Amino acid sequence: MTPFEGDTSSAPIEYEPVSVKDVLVEMKDTAELLIDLSYSAVLFSNEAIAAEVLRLEERMDVLEMRARMGLMMAVRSPEDAEQLAPVLGIVSAADDISDAAGDIAKVVLEEIGLPEAMRAALPDAVETLVRSVVDETSAYAGRTLEEIDLESETGVRVIALRRGDEWLLNPGPTTRIVADDVALLRGPEAAIEEVFESATGTAYEPPAVASPDIEDLERAVDTIVHMKNLSELAVDLAYSAVLFDNEALAEEVQNLEIEVDALKSRFEAWTLRAAADAEDPVVLRGLIHLGSATEVISDAAVGISEGVLRNIDVHPVVQMAVEESDEIITRVVVGEGSGLDGTAVSAGVPDTESTMSIIAIRRPSEGWIIVGDADAEVRGGDVLIAKGTRTAADAFEELALS
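Small disclaimer: the values here were computed from a predicted structure and weren't measured. (Residues numbered from 1 in each chain as written. Predicted model: local features only at pLDDT ≥ 70, side-chain atom pairs only at ≥ 80, totals over all residues. Heavy atoms only, no water.)

**Topic: the overall build of the chain**
Tallying secondary structure elements over the chain gives 12 helices and 13 strands in all. A buried classification covers 50% of the 402 residues belonging to the chain. Taking the contacts inside the chain whose residues are at least 6 apart along the sequence as the reference set, 80% of them involve residues at least 24 apart. Here the chain has roughly 18400 Å² of accessible surface; of this, 47% comes from carbon and sulfur atoms. (Helix = DSSP H or I, 4+ residues; strand = E, 2+ residues; numbered from the N terminus. Buried < 20%, exposed > 50% of the residue type's maximum accessible area, 1.4 Å probe, protein only. Contact = heavy atoms within 4.5 Å. Areas by Shrake-Rupley, 256 points an atom, 1.4 Å probe, with all protein chains shown as cover.)

What follows is the structure, given as structure tokens:
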């Protein structure tokens with residue numbers, strides 16, 4: 001592992017009473033952030049972001065150990081063991097995701113090799129994500145996010161803050177930014193430049209983007225980006241399936257895992273074909289690493305939702321964790337001639353009065369469509385995965401049926 005300041009990999013961990021619910025919530029948030037940061041580190045060839053991934057991976061190791069200790073202390077009967085076994089699976093799966101994210105980050109830090117064509121996928125894959133260190137002279141230092149009103153003014157979001165060894169994974173309106181905070185920013189590149197300079201006092205240098213000159217390599221890169229998007233969706237759905245004890249969502253996680261496996265086979269074929277035409281095939285090693293790590297993430301998503309598929313009652317500790325979420329993810333099947341049939345969707349927002357945001361569409365004849373990648377139109381028979389409030393979800397389901 002590449003060393004970095006603040007490495008705590010050998011620090012002893014002793015048992016102390018903790019809220020398993022709080023640990024599960026933090027593991028979920030950490031896993032989702034790790035996926036986001038690791039792929040962004042690769043796509044932007046950003047060593048600083050990759051180093052933050054390894055810091056978070058170390059934090060996840062501590063969380064996993066504390067969760068295991070707490071769960072072991074909670075088992076007092078066979079019935080407890082039966083209910084807590086799926087929770088242990090959630091803990092293990094989150095750690096698997098963390099390890100996979102670390103492997104992805106090492107593609108950058110250990111210079112395993114990655115074709116410049118990977119950067120060509122940037123416009124379709126993600127918004128710009130940057131790591132910034134807040135300067136003491138910054139206009140943001142000492143102010144809350146509500147006072148700065150960054151997202152409303154610029155479209156740029158602070159997705160996480162690191163203050164020394166402490167992580168703030170869900171900064172809210174009352175979160176105060178202070179000098180030397182490591183702020184992870186996401187948003188449109190044009191806006192990122194101004195915000196980065198305001199935060200750090202230095203100019204932002206965008207990554208160089210190269211066009212692929214090998215057709216098979218372009219296909220391989222497009223495939224790995226699609227695998228990434230499906231794996232992220234699988235993790236989102238898996239946690240929601242567990243939190244809301246929803247078997248339909250758990251089944252969609254399985255569908256996504258099958259799709260990722262199929263994509264990996266095609267991805268490997270494109271990569272091997274590209275190697276025959278590449279000037280230096282060694283640079284394709286990083287792509288192979290990405291494919292393997294991405295499959296691990298989708299497999300871990302199945303592990304998270306396994307208890308739901310086996311009809312094991314959700315343990316109360318997980319049900320308490322759901323109270324931490326303001327949003328839910330729901331699955332609906334669009335009825336022929338219903339209020340959603342024929343509805344246009346742009347940037348996830350359907351052309352209806354519903355406030356739900358559509359994340360993905362599974363179309364029986366075409367497979368998965370990640371709505372964030374392109375505009376779409378809802379058709380009868382589509383399976384929609386959408387995010388929003390509980391009240392909005394009820395109305396959305398009714399709209400899909402009638």
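**What to know about the pairing of strand S6 (residues 182-187)**
Of all 6 residues making up S6, 6 are buried, and the element is well covered by its neighbours. A two-sided burial pattern is seen for S6, the buried positions comprising Val-182, Leu-184 and Arg-186 on one face and Ala-183, Leu-185 and Gly-187 on the other. Here strand S1 (residues 128-133) pairs with S6 via 6 bridges, running antiparallel. The residue of S6 that forms the bridge with Arg-131 is Leu-184. Bridge count between strand S3 (residues 157-163) and S6: 5 bridges; the pairing is antiparallel. (Pairing = 2+ DSSP bridges.)

**Examining the packing of helix H1 (residues 20-43) against helix H3 (residues 78-109)**
Where H1 meets H3, the axes come as close as 9 Å, and the angle between the chain directions of the two elements is 20°. Between H1 and H3, the interaxial angle falls into the category roughly parallel. H3 is crossed by H1, and the crossing has left-handed handedness. On the side of H1, the interface is formed by Leu-24, Met-27, Ala-31, Leu-34, Ile-35, Ser-38, Tyr-39, Ala-41 and Val-42, while H3 contributes Val-87, Ile-90, Val-91, Ala-94, Ile-97, Ser-98, Ala-101, Ile-104, Val-107 and Val-108. Residue composition of the contact of H1 with H3, by class: 17 nonpolar, 2 polar and no charged. (Axes fitted to C-alpha atoms, helices over the stretch in contact; angles between N-to-C directions. Parallel < 35°, antiparallel > 145°, perpendicular 65-115°, else oblique. Left-handed = near helix turned anticlockwise from the far one by under 90°. Nonpolar A, V, L, I, M, F, W, Y, C, P; charged D, E, K, R; others polar.)

**What about unusual backbone geometry?**
Its identity is not glycine, yet Asp-149 carries a phi of approximately 55°, on the positive side. Structurally, the position occupied by Asp-149 is in the loop between helix H5 (145-148) and helix H6 (150-154). Not every positive phi belongs to a glycine, and Asn-311 is a case in point at roughly 60°. The residue Asn-311 is located in the loop between helix H10 (285-309) and helix H11 (316-321) in this model.

**Focus: the packing of aromatic side chains**
Under the criterion given, the structure shown has 1 aromatic pair. The positively charged end of Lys-28 is found above the aromatic ring belonging to Tyr-239, 5.7 Å away from the centroid. (Phe/Tyr/Trp six-rings, centres within 6.5 Å; stacked < 30°, edge-to-face > 60°. Lys NZ or Arg CZ within 6 Å of the ring centre and 35° of its normal.)

**Structural notes on the pattern of salt bridges**
For side chains bearing opposite charge, pairing can occur when the charged atoms are close. What the rule picks out here adds up to 17 salt bridges. Among the salt bridges present, the one from Lys-28 reaches Glu-32, with a minimum N-O distance of 3.2 Å. Taken as a pair, Lys-28 and Glu-32 lie in helix H1 at a separation of 4 residues, close to a single helical turn. For Glu-32, a relative accessible area of 25% gives the class partly exposed. The salt bridge partner of Glu-252 is Arg-331, with a shortest N-O separation of 2.6 Å. In this pair, Glu-252 sits in helix H9 (residues 247-277) while Arg-331 sits in strand S7 (residues 328-333), placing the two residues 79 residues apart along the sequence. Each member of the salt-bridge network shares a partner with another, and the members are Glu-52, Arg-55, Arg-131 and Arg-162. (Salt bridge = Lys/Arg side-chain N within 4 Å of Asp/Glu carboxyl O.)

**As for the side chain of Lys-264**
Mapped onto the fold, Lys-264 is located in helix H9. When sequence neighbours within four positions are dropped, the list of residues in contact with Lys-264 reads Met-227, Gly-291, Ser-292 and Glu-295.

**A few points about the sheet that holds strand S12 (residues 376-377)**
In spatial order, the strands read S9-S8-S12; together these 3 strands make up an open sheet with antiparallel pairing. Every other strand in the sheet has two partners, leaving strand S9 (349-350) and S12 as the edge strands with one partner each. Taken together, the 2 bridges between strand S8 (residues 344-346) and S9 define a ladder with antiparallel strand orientation. Looking across to S9, one finds that Ser-346 is bridged to Val-349.

**With respect to the UniProt feature "coiled-coil region" (unreviewed entry) in the chain**
Mapped onto this structure's residue numbering, the UniProt feature "coiled-coil region" (unreviewed entry) falls at residues 246-273. Each end of residues 246-273 is marked by a C-alpha atom, and these two atoms are 41 Å apart; helix forms 96% of the span and strand 0%. (UniProt positions renumbered as here; feature names shortened; annotations may be inferred.)

**Some details on the confidence of the model for the chain**
Confidence in the prediction of the chain, expressed as mean pLDDT, is 84, and 87% of residues score 70 or more. In this model residues 1-8 is a low-confidence stretch, pLDDT under 50, and it forms 14 contacts with partners more than four residues away in sequence or in other chains. (pLDDT = per-residue confidence, 0-100.)

**Digging into H9**
Taking 1.5 Å as the rise per residue, H9 with 31 residues should run 45 Å; its terminal C-alpha atoms sit 46 Å apart, in good agreement. At the N-terminal boundary of H9, the capping side chain belongs to Asn-246, with an oxygen 3.0 Å from the backbone nitrogen of Ala-248. (Expected span 1.5 Å × (residues − 1). Polar contact = N/O pair within 3.5 Å; in protein donor to acceptor, adjacent residues only side chain to side chain.)

**Some words on H3**
Over its 32 residues, H3 runs 46 Å from end to end, which matches the ideal 46 Å to within 8%, given 1.5 Å per residue. Of all bends in H3, the biggest is about 35°, found at Leu-84, and the proline Pro-86 comes one to four residues later. Residue Glu-111 follows H3 closely and has a positive phi angle near 50°. (Bend = angle between axes of the 7 residues up to and from the residue.)

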